[in-house]
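Remarks on the overall topology
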Amino acid sequence: MKMNKYTKSSDFLKKEFDNLSRTEKVDFLRDLESFLKNQDSAYYQSNISNVSDAEYDKLKLLYDKLITNNPQIKGSGYLDSVGYKPSEKFEKVNHKVPMLSLSNIFDSDGVIDFIERVRRYLSLGSNDNLEIVSEPKIDGLSATLIYINGNLHVGATRGDGSQGENVTQNIKTISNIPHKIEDPNVPEIIEIRGEIYMKKSDFFELNERMQKEGKQTYVNPRNTASGSLRHLDVNVTKSRKLYFFAYAWGEISTNIAGSHFEMIGLFKKWGFDVNPYTNLNNSYEDLIRSYDDLNDIRSSLDYDLDGVVYKVNSLAYQDRLGFISRSPRWAIAHKFPSEKATTKILDIEIQVGRTGSLTPVAKLEPVNIGGVVVRNATLHNEDFIKGLNSEGESIRDGADIRIGDQVQIIRSGDVIPKVVDVNMKDRNKDSEEFIFPENCPICGSSAERELNESTGKVSSVRRCTGGLYCNSQILGSLEFFVSRDAMNIEGFGGKSMELFYDMGLVNEPGDIYTLQDRQAQDQVDILSLEGWGELSMNNLFQSINERRSVSLDKFIYSLGIRHIGVNNAKLVSQQLTSIENLLSTIEKIHHDRDDALQAFIQNDGLGKVVISSFLSFLQNERNVSILRNLLKSIRVTDVINVISEDTAISGLSLVFTGKFSSMSRSEAKDQAERMGAKVLSSVSARTDILVIGEDPGSKIKKAEELGIRIIDEKEWLSLVDF
Ligand code: IVH
């Protein structure tokens, strides 16, 4: 048994508690509660006990007593809520072999680079053959199935690659996953990996049904498959008709094949579905043919593909090639281009974002793009509609876009479909130019285009000046607050937050954390909301309670301050290190804003615009009140600046600019951070390296002026050893 801070006797702990101030008591109870919850989940989900039963009972009794004797302190309802039902949450599974991701390429040059890189790494001569398997890249969610002595033992999701969710019961409802592998030669332990997906036809049928029943429809087959697999009610998973393609493996107790293709053959023999478009290729030409063939037929297939995966066939070669950060060197994904379609604009709607930006959205005559019905597409901004790019230069030969026009739409993966072009030949003679509103359509405040002081340019985005008087901005920030990269509170998806906001249940982030108490005291009635029942409500409370502790950088990011994205939130929090320092910064700004500004300027990496935006946020009294209310319910943990191991770029300050072909810019940034570098958004004298992709823009000039080392994508890849 491990030691913990509760090993003292109940009486001692109670005395200690009685001597605390009110806020300290709240903290004490919250700590104890989270300790108990951790024990619950460890016990129920992993059958592990960190404390003895007697000690656990003692602490639970103590918690009960303290909550009952201190009615002025509201508990979270931990004891009297539904209880902690482990079956309602998925147990975590540690992947013995991590579930990695793939690097992407987008064109034939990428294929040549991949082959050359592999050949170079393996030192293959020009006569040495290199077999590469090509497989469709299925757009579903990956899963791993652990078979012990041929019996399906555990099925889990990928999760973060190291740890996934145990969804064995759900996986067992998938009709084409064998529960038993009959082959007597199957290894004692084998972990079969592949993609769980929903057929397009089943997705359409499901959506039609949802629509008929007045329920919210789903966005695409992939998200639906993911939600269906991870449903707490196994019967729902079963009713959703999911399928599985096997294409990889994790842990294996004995090696049974020499090549990937051979392994796929065994999967097939054992009763797994393997994709019929899996090819063995011997040359670059073969690979391109496999890719083109699949691209030609992809719309006709009953499942979504987003590219082709190339895998070095020999397992001995795979072993030698190994991995680079989170992707194998022996495999790569060649993405398909976005799918296109032409349709008519029925209307143009202006949506107001969380930062007040007015975004024009084309309401379209529904059109099927690669199997998904598209009804809306972004028109980006006012200038785009007029036929101008962000530099004020003419695009589409200066053609504007009007209601009634025939336009070309592209859709790629999960990204919002975009209008890319207009068909002038089909324009109705009576059509009128679209007049972009100068007032916010939600709150009526004036909407303005800001002048960027450093570039002297007027922004192409028009913004509502109503701030927190604008309902759309308030709702937008609440939706942002609970979103996945921010506080990640599940259960507020879809239109839920809008409903809670419209009904006056949640007006600011702090209200989220008092919902359970208000429900218990009959101040609100969540059960009367459409679509809400005991189960969904209790699940929501549980998700909220799981997010009562957050790191400072996540906290800052969740506030949704303009210009403070994930990266800047990290930099700001590294500077502040604790919530106490953030609170004292608020005091400091009130005395002397310049002083506060100077303190931040010392920090390399944060530009003036960013710091100014952060300080302005803290200077606004309404924001400070929101922040203080929030801090009554959540705990913000300090940022510990970790010094990473020595790499070629550790300790250096890097700036990335332009488009990258072998990876997204954010992937490159993540990689740099993992290797101990600091990633900054603008070039300054403190920058060590500027990494440039295609169309790098003005940063190059500044770097040249400052004599900063500039490297291109190829050099970057060799620097980080790909
Ligand atoms: S192999 C070590 N093969 O793509 C590499 N992945 O970006 C393991 N995917 O998470 C992946 N079809 O969800 C592989 N034929 C295929 C695939 C495939 C789809 C997905 C998978 C993975 C992601 C990687």
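Report on the accompanying structure. (Residues numbered from 1 in each chain as written. Predicted model: local features only at pLDDT ≥ 70, side-chain atom pairs only at ≥ 80, totals over all residues. Heavy atoms only, no water.)

1. Observations concerning the site of the ligand
The full set close to the ligand counts 13 residues, and Glu135, Ile138, Glu195, Tyr247 and Lys311 are the nearest of them. Between Glu135 and the ligand, the recorded distance is 2.8 Å, taken from a side-chain N or O atom to a nitrogen atom. Within the backbone of Pro136, an N or O atom sits 3.2 Å from a nitrogen atom of the ligand. Here the ligand, which alone exposes 520 Å², has 87% of that area covered by the protein. Listed by contribution, the elements that provide at least two residues to the shell around the ligand are strand S3 (132–138) and strand S10 (305–312). Among the elements that line the shell around the ligand, the one with the most residues is S3, at four residues. (Near = heavy atom within 4 Å. Polar contact = N/O pair within 3.5 Å; in protein donor to acceptor, adjacent residues only side chain to side chain. Areas by Shrake-Rupley, 256 points an atom, 1.4 Å probe, with all protein chains shown as cover. Helix = DSSP H or I, 4+ residues; strand = E, 2+ residues; numbered from the N terminus.)

2. As for helix H13 (residues 471–482)
Taking 1.5 Å per residue as the helical rise, H13 with its twelve residues ought to reach 16 Å, and the 17 Å between its terminal C-alpha atoms agrees with that figure. Counting buried positions along H13 yields nine of twelve residues, so the element is predominantly enclosed. (Expected span 1.5 Å × (residues − 1). Buried < 20%, exposed > 50% of the residue type's maximum accessible area, 1.4 Å probe, protein only.)

3. Focus on the sheet that holds strand S24 (residues 678–680)
With parallel pairing, four strands are arranged side by side in an open sheet as S24-S23-S25-S26. Of all strands in the sheet, those with a lone pairing partner are S24 and strand S26 (709–712), marking the two edges. Strand-to-strand twist across the sheet, computed as the mean angle between neighbouring axes with direction ignored, equals 30 degrees. Bridge count between strand S23 (residues 653–657) and S24: three bridges; the pairing is parallel. Directly across from Ser653, in S24, lies its bridge partner Lys678. (Pairing = 2+ DSSP bridges. Axes fitted to C-alpha atoms, helices over the stretch in contact; angles between N-to-C directions.)

4. Re the pattern of salt bridges
On inspection of all chains with the given rule, the structure shows 25 salt bridges. Note that Glu382 is salt-bridged to Arg449, the shortest N-O span being 3.4 Å. Note that Glu382 is positioned in helix H12 (residues 382–386) and Arg449 in strand S19 (residues 447–452), a separation of 67 residues in sequence. Look at Glu382 and you get buried, because its relative accessible area is 7%. Judged by its relative accessible area of 23%, Arg449 falls in the partly exposed class. Note that Glu382 is salt-bridged to Arg462, the shortest N-O span being 2.9 Å. With Glu382 in helix H12 and Arg462 in strand S20 (residues 457–464), this residue pair connects regions lying 80 residues apart in the sequence. (Salt bridge = Lys/Arg side-chain N within 4 Å of Asp/Glu carboxyl O.)

5. Focus on helix H20 (residues 593–601)
Of all the residues in H20, the buried ones are Ala596, Leu597 and Phe600. Taken end-on, H20 shows its buried residues confined to a sector of 100 degrees, consistent with a single buried face. As for H20, its buried residues are in contact with helix H18 (566–576), helix H19 (579–591) and helix H21 (608–619). The N-cap residue of H20 is Asp592: its side-chain oxygen and the backbone nitrogen of Asp594 are 3.1 Å apart. (Arc of directions from axis to C-beta. Contact = heavy atoms within 4.5 Å.)

6. Regarding a negative patch on the surface
A surface patch of negative charge is lined by Asp107, Asp109, Asp113, Glu116, Glu694 and Asp695. Along the chain, Asp113 falls in helix H4 (residues 108–122). (Patch = residues over 30% accessible without salt bridge, like charges linked within 9 Å, V, L, I, M, F, W, Y side chains within 5 Å. Lys, Arg positive; Asp, Glu negative; His and termini not counted. Charge placed at Lys NZ, Arg CZ, Asp CG, Glu CD.)

7. Examining the nonpolar core
Among the nonpolar cores identified, the biggest contains 66 residues, and Phe492, Phe500, Ile512, Ile526, Leu582 and Phe614 are the most heavily contacted of them. Counting 35 residues, the second-largest nonpolar core is a separate cluster that includes Leu152, Ile174, Ile192 and Val274. (Core = buried A, V, L, I, M, F, W, Y, C linked by side-chain atoms within 4.5 Å.)

8. Describing the sheet that holds strand S7 (residues 189–198)
Here four strands make up an open sheet; going across it, the order is S5-S4-S7-S8 and the pairing antiparallel. What marks the edges here is a single partner per strand, and that holds for strand S5 (151–157) and strand S8 (242–252). Recorded for the sheet is a direction-independent mean angle of 30 degrees between the axes of neighbouring strands. Sheet topology note: the strand S4 (residues 141–148)/S7 ladder contains eight bridges and is antiparallel.

These results come straight from atomic positions and should not be treated as a statement about function.
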